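The chain contents come next:
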Amino acid sequence: MLIAAEPLTQLVTEIFLACDAQPDIASRVAGHLVEANLKGHDSHGVGMVPAYVHNIRNGNLQPNAELKVIQDKGAVLLVDGQLGFGQHVGREATGLAIERVRSTGVVCLGLRNAHHLGRIGSYGEQCAAAGLVSVHFVNVVGHEPQVAPFAGREPRMTTNPFCAVVPRTGQPPLVLDMATSAIALGKVRVAAMKGEAVPEGSLIDADGNPSNDPNILFRQPRGALGPFGGHKGYGLAVICELLGGALAGQWTAQPKQPRAGNIVNHMLMFVLDPEAFGDVAQFEQEVTAMIDYLHSTAPASGHDRVRIPGEPERETLAERSSHGIDIDANSWRALVQAAEAAGLDQSRIDALTGA
Ligand code: NAD
């Protein structure tokens, strides 16, 4: 199914409205999800809608919950998403940090109990648009772990995303935004939906043998994702678990915590105003010189050119904005079923999608 961003956003907005979300929240969440598809991250796009509708219906996601400030110590803030849409409470929390950093120079904000935050890069981009540097450590809890620690064969963590962003005046920011697992869980889900294999080295089966069959994560005995980058990626994943999970969320993947089928993100984010360091022009000049130097690298065999983090997303955004978003048949069927479960009738779905 090839669909343009606009009708897809409208469809998803109406699904959440039918779930009794407030209009501004419904359209904000829909916009975030479709932007993830536009930027090439189908794993964090509208394919999440069936899970969100399911979680609203079973009370795991509170569609109109607002951000609550728990502790305000100036440059250190602790806020609670109260299991509201991550795309809403996460944006509000980031807005709070951006507002505060103007007076403090640096802010460390802990966000706990957000329902799935989606693409973490979106919060980094929010900071970059305000001219700020940001760093985000996130864990994912509320369900069984799927990522094995380095040298282990049993899952103990989840895909714990890490994000860091450097703003550039008049230029797109550098956005490093990644799961710390070999690939994002959603990419395993999308591969399973499409009946495709995942790249070598991403998964191990329940006996600890390498596998590229995405279905091993969704059947018993369950396999596991591995960390990216061996022991180093595993180390970064543990830091996300401990800073995002233990410090901000007080809820890690350890087995005494709930695992009742929810998707909860906790995030510790640092926001830094380059002005606090003084010479912003010099900083930006040096950033540009370094990025130019990276771009000037001769490409290795099999590659067209060297990019900086964030560039692939912008290229895909340009391509999908003009040609549309291609959604595989299984994901589309699941989206339509979610729309029906939310109470939209087929004629409205057809009208929205031009079917
Ligand atoms: P990815 O592997 O596609 O990209 C990771 C990073 O590498 C990006 O910053 C990208 O710009 C950069 N990159 C990719 N190709 C590059 C190239 N050729 N040259 C230079 N840089 C390049 O991303 P991923 O690990 O699959 O993560 C996908 C998304 O999943 C992210 O948005 C992440 O936030 C999200 N995620 C969210 C959760 C959650 O619980 N909310 C959990 C895991 C992942």
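Keep in mind it's a predicted model, so treat the numbers as computed, not measured.

In this section: the layout of surface pockets. Here the largest pocket defines a volume of roughly 990 Å³. Secondary-structure elements contributing two or more residues to the lining of the largest pocket are helix 3 (49-57), strand 7 (174-178), helix 6 (185-194) and helix 9 (311-323). Of the residues contributing to the lining of the largest pocket, the split by class is 17 nonpolar, 17 polar and seven charged.

The environment of the ligand is made up of 23 residues, and the closest members are Arg119, Asp177, Lys187, Gly310 and Glu313. One of the backbone nitrogen or oxygen atoms of Val175 is found 3.0 Å away from an oxygen atom of the ligand. The backbone of Gly310 places a nitrogen or oxygen atom 2.7 Å from an oxygen atom of the ligand. Bound to the protein, the ligand loses 78% of the 860 Å² it would expose on its own. With respect to the detected pockets, the ligand is housed in the largest pocket. Broken down by secondary-structure element, the contributors of at least two residues to the shell around the ligand are strand 7 and helix 9. When the residues that make up the shell around the ligand are grouped by side-chain class, the tally is eleven nonpolar, seven polar and five charged.

Let us now look at the packing of aromatic side chains. Tallying each qualifying case throughout the model produces five aromatic pairs. Note on Phe16 and Tyr52: the rings are 6.3 Å apart at their centroids and 25 degrees apart in plane angle, and the pair reads as stacked. Of this pair, Phe16 sits in helix 1 (residues 5-18) while Tyr52 sits in helix 3; the two residues are 36 residues apart in sequence, bridging distant segments of the chain. Assessed through its relative accessible area of 0%, Phe16 is described here as buried. Measuring from centroid to centroid gives 5.3 Å for Phe137 and Phe162, while their planes differ by 55 degrees, and the two rings are tilted. A residue pair is termed long-range when its members are at least 10 positions apart, and Phe137 in strand 5 (residues 133-141) and Phe162 in strand 6 (residues 162-166) qualify at 25 residues. Accessibility classification places Phe137 together with Phe162 in one group, the buried group. Feature note: the residues Phe16, Tyr52 and Phe85 constitute an aromatic cluster, connected by ring pairs.

Now for helix 10 (residues 329-342). With 14 residues, helix 10 extends 20 Å from end C-alpha to end C-alpha; this agrees with the ideal 20 Å at 1.5 Å per step. Along helix 10, the residues that are buried comprise Ser331, Trp332, Ala334, Leu335, Val336, Ala338, Ala339 and Ala342. Lining the buried residues of helix 10 we find strand 1 (2-3), helix 1, helix 3, helix 6 and helix 11 (346-353). The opening residue of helix 10, the one whose side-chain oxygen lies 3.2 Å from the backbone nitrogen of Asn330, is Asp328. At the exit of helix 10 stands Gly343, carrying a positive phi of roughly 115 degrees.

For the rest of this paragraph, the subject is the sheet that holds strand 8 (residues 203-204). Taken together, the three strands give an open sheet; going across it, the order is 9-8-10, and neighbouring strands pair in antiparallel fashion. Lying at the two open borders of the sheet, with one neighbouring strand each, are strand 9 (210-211) and strand 10 (224-225).

In this section: empty space enclosed by the protein. Counting across every chain of the model gives two cavities of 30 Å³ or more. Taken together, Asn37, Asp42, Val46, Gly47, Val190, Lys194, Asp326, Ile327, Asp328 and Ser331 form the lining of the largest cavity. Its residues assigned to classes, the lining of the largest cavity shows three nonpolar, three polar and four charged. Here the second largest cavity is characterised by a volume of approximately 50 Å³. Along the walls of the second largest cavity sit 13 residues, with Val141, Gly142, His143, Ala253 and Arg259 positioned nearest its centre. Partitioning the lining of the second largest cavity into residue classes produces six nonpolar, six polar and one charged.

The rules we used
Residues numbered from 1 in each chain as written. Predicted model: local features only at pLDDT ≥ 70, side-chain atom pairs only at ≥ 80, totals over all residues. Heavy atoms only, no water. 1 Å grid on protein atoms, 1.4 Å probe; cavity = no way out; pocket = protein on both sides within 12 Å on 5 of 7 lines; lining within 4 Å. Points joined across faces, edges and corners; volume = space filled by probe spheres on them. Helix = DSSP H or I, 4+ residues; strand = E, 2+ residues; numbered from the N terminus. Nonpolar A, V, L, I, M, F, W, Y, C, P; charged D, E, K, R; others polar. Near = heavy atom within 4 Å. Polar contact = N/O pair within 3.5 Å; in protein donor to acceptor, adjacent residues only side chain to side chain. Areas by Shrake-Rupley, 256 points an atom, 1.4 Å probe, with all protein chains shown as cover. Sits in = over half its atoms within 2 Å of the grid points. Phe/Tyr/Trp six-rings, centres within 6.5 Å; stacked < 30°, edge-to-face > 60°. Buried < 20%, exposed > 50% of the residue type's maximum accessible area, 1.4 Å probe, protein only. Expected span 1.5 Å × (residues − 1). Contact = heavy atoms within 4.5 Å. Pairing = 2+ DSSP bridges.

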